[in-house]
Amino acid sequence: MSVTSHSPDKTRAWSALEDHFAALRDVHMRDLFARDPGRFPRYTVECGDLLLDYSKNRVTDETLGLLMDLAREMHLPQWREALFSGERINCTEDRAVLHTALRGDAPVLLDGEDVMPAVRAVLERMRGFTEQVRSGRWTGYTGKPIRHVVNIGIGGSDLGPLMVCEALRPYGHPGLSMHFVSNVDGTHLAETLKAVDPETTLFIIASKTFTTQETLTNAHSAREWFLASGAGEGDIRRHFVAVSTHTEKVKAFGIDPENMFVFWDWVGGRYSLWSAIGLPIALYLGMDRFEELLAGGRDMDRHFREAPLERNMPVIMALLGVWYVNFFGAHTHAILPYDQYLHRFPAYLQQADMESNGKSVDRQGQRVGWHTGPVIWGEPGTNGQHAFYQLIHQGTRLVPCDFLAPCNSQNPMGDHHDILMSNVFAQTQALMQGRTLETVQAQMRAEGLDEDTVARLAPHRVFEGNRPSNTLLFDRLTPRTLGRLIALYEHRIFVQGVIWNVNSYDQWGVELGKQLARSVLDDLRADTPATGHDASTNGLIHWYRGRRGN
Ligand code: F6P
């Protein structure tokens, strides 16, 4: 690797940030705004139709300057070049990280060979196939056109396509209904199969490795269901296609390689919706719209690669996150989309972020002495306001929030959208300003309440404020805008990984549970007592075996 890495807490900027934090921790954003009317124009940045307002953060020019120093001391510009130019920055798996090439328009060399011709060839195959299905020329085994698409995959082979199909429903093919089966709980597949018809259903078996237990179990059960409908083995080719990096394993499952769409080991699962894993998106939206999504990702790549760090949206968002995690001690980060179509966006980002930066050893294999990725969570507004915002406003923990909202609804209806947006702006204002004890007391007295009541209830009605948020506005949730948004968060994750000196592109933490599940499954299938585990696990296995099938 051409770039060196080191511990962030050994940098000059980190020490300076510690001193600066001590001076700033008790400063209220109310006062920062009162002193500086230029915060909004200075602390906003644009990319295409995206506007990021980061003025409601606990930062000053000095904070931002020091965070930029930290990024430079951690060699962020060099790491960014290493990412885009195909260096093997996934050091534990010795792989390049080239999801940006999937949406690129220039040659990208990997071991001296341009990957773009192969990328374009798969896009062309996807275009041919999706046009056949969407036009009704691709028919099922009884000659009827495809009406249902069932994507069987999990993690990155599920969450991205599912989130995007939900987000871009207004652009979806009216004659196709999209279904996503991920959970190995048979209920997920069973409920889906109740809603579809074997003669008009296309199954996409999506798995980078084609070894994932959940996906293969669901795929085998789906095939049995299909064959039980009266179809023959020879009909499978009209109803099952695969997306994978492993041709041999796809063949072994019984899917003709003619019906397979490939991608490559340099595409991480959670970054793969831009590859053939996006086939459900392309089927639902059409290939032109899929390419608009790619173009949106490319817009953000260009911005990330070319804008100075100080005006760089993913860099700014990443560094603000570092400020809260490592100096304020924030444990979580909330994603709050005020667009119902983005209802799976927080779940999608959970995998993207937590599987990437949920690490506790650095690139050199040493235990880190600083916190890394926060818990990512969230729900659409305004629903969340009536559920968990209480804690964000008045709880004891600091929860930095991202509010995302479109300036235009896909479904204009009366004054719904102004009401929705008034809630976005009011929430960020309330979080920032809060409400002081004096204001509460004055309001209560103005309502005519007696002094005893004022004294008793006023503390409950105080809002400390000083709670940080970013606001991301965009014109309308189009494929291009969504592409920008997804790539924005991908790059935010990358920058944080660079600062924390972790490899954001492996996921060893999911392995132990997978291995143990295999050995537990052997015990669930055995007749002899389970003795090979701890007492709790042995006991639970025994209890379950005694009661299943009751
Ligand atoms: O278990 C985690 C994981 O490996 C994810 O990283 C990945 O997105 C998911 O499983 C599915 O993997 P595959 O696409 O190989 O089935």
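Residues numbered from 1 in each chain as written. Predicted model: local features only at pLDDT ≥ 70, side-chain atom pairs only at ≥ 80, totals over all residues. Heavy atoms only, no water.

**Here's the deal with the packing of aromatic side chains**
This structure, assessed with the given rule, holds 24 aromatic pairs. Relative to Tyr 54, the ring of Tyr 43 has its centre 5.4 Å away and its plane inclined at 20 degrees; by these criteria the two rings are stacked. Highlighted residues: Tyr 43 in the loop between helix 3 (39-42) and strand 1 (44-47) and Tyr 54 in the loop between strand 2 (50-53) and helix 4 (61-73), separated in sequence by 11 residues. Residue Tyr 43 is classed as buried on the basis of its relative accessible area of 3%. Of the residues examined, Tyr 54 reaches a relative accessible area of 3% and is grouped as buried. One aromatic cluster in this structure is built from Trp 14, Phe 21, Trp 323, Tyr 324, Phe 327 and Phe 328. Over the ring of Tyr 43 we find Arg 42; its NZ or CZ atom is 4.9 Å from the centre of that ring. Taking the ring centre of Phe 261 as reference, the NZ or CZ of Arg 125 above it sits at 4.6 Å. (Phe/Tyr/Trp six-rings, centres within 6.5 Å; stacked < 30°, edge-to-face > 60°. Helix = DSSP H or I, 4+ residues; strand = E, 2+ residues; numbered from the N terminus. Buried < 20%, exposed > 50% of the residue type's maximum accessible area, 1.4 Å probe, protein only. Lys NZ or Arg CZ within 6 Å of the ring centre and 35° of its normal.)

**A look at the pattern of salt bridges**
Scanning the model with the defined rule gives 29 salt bridges in all. A salt bridge links Lys 194 to Glu 191, with the nearest nitrogen and oxygen atoms 2.7 Å apart. Pair noted here: Lys 194 and Glu 191 are both in helix 9 (residues 186-194), with a separation of 3 residues, about one helical turn. A residue is classified by how much of its surface remains accessible, and Lys 194, at 62% relative accessible area, is exposed. Given the relative accessible area of 45%, Glu 191 is considered partly exposed. (Salt bridge = Lys/Arg side-chain N within 4 Å of Asp/Glu carboxyl O.)

**Regarding unusual backbone geometry**
Following Gly 381, the chain continues to Thr 382 via a peptide bond in cis, the omega torsion being 10 degrees. Its location among the elements puts Thr 382 in the loop between strand 11 (375-377) and helix 17 (389-394).

**Concerning the sheet that holds strand 2**
Reading across the sheet, the 6 strands line up as 1-2-13-12-10-11 and stay open at both edges, with mixed pairing between neighbours. Each end of this open sheet is capped by a strand with a single partner; those strands are strand 1 and strand 11. In this sheet, neighbouring strand axes are inclined to one another by 15 degrees on average, regardless of whether the strands run parallel or antiparallel. With 4 bridges joining them, strand 10 (residues 332-337) and strand 12 (residues 401-406) adopt parallel strand pairing. What sits directly across from Ile 335, in strand 12, is Asp 402. (Pairing = 2+ DSSP bridges. Axes fitted to C-alpha atoms, helices over the stretch in contact; angles between N-to-C directions.)

**Overview of the site of the ligand**
Around the ligand, 13 residues are found, and the nearest of them are Ser 157, Ser 207, Thr 209, Thr 212 and Glu 355. A distance of 2.7 Å is found between an oxygen atom of the ligand and a backbone nitrogen or oxygen belonging to Gly 156. One of the side-chain N or O atoms of Ser 157 is found 2.6 Å from an oxygen atom in the ligand. Here the ligand, which alone exposes 390 Å², has 87% of that area covered by the protein. Per-class residue counts for the shell around the ligand are 2 nonpolar, 8 polar and 3 charged. (Near = heavy atom within 4 Å. Polar contact = N/O pair within 3.5 Å; in protein donor to acceptor, adjacent residues only side chain to side chain. Areas by Shrake-Rupley, 256 points an atom, 1.4 Å probe, with all protein chains shown as cover. Nonpolar A, V, L, I, M, F, W, Y, C, P; charged D, E, K, R; others polar.)

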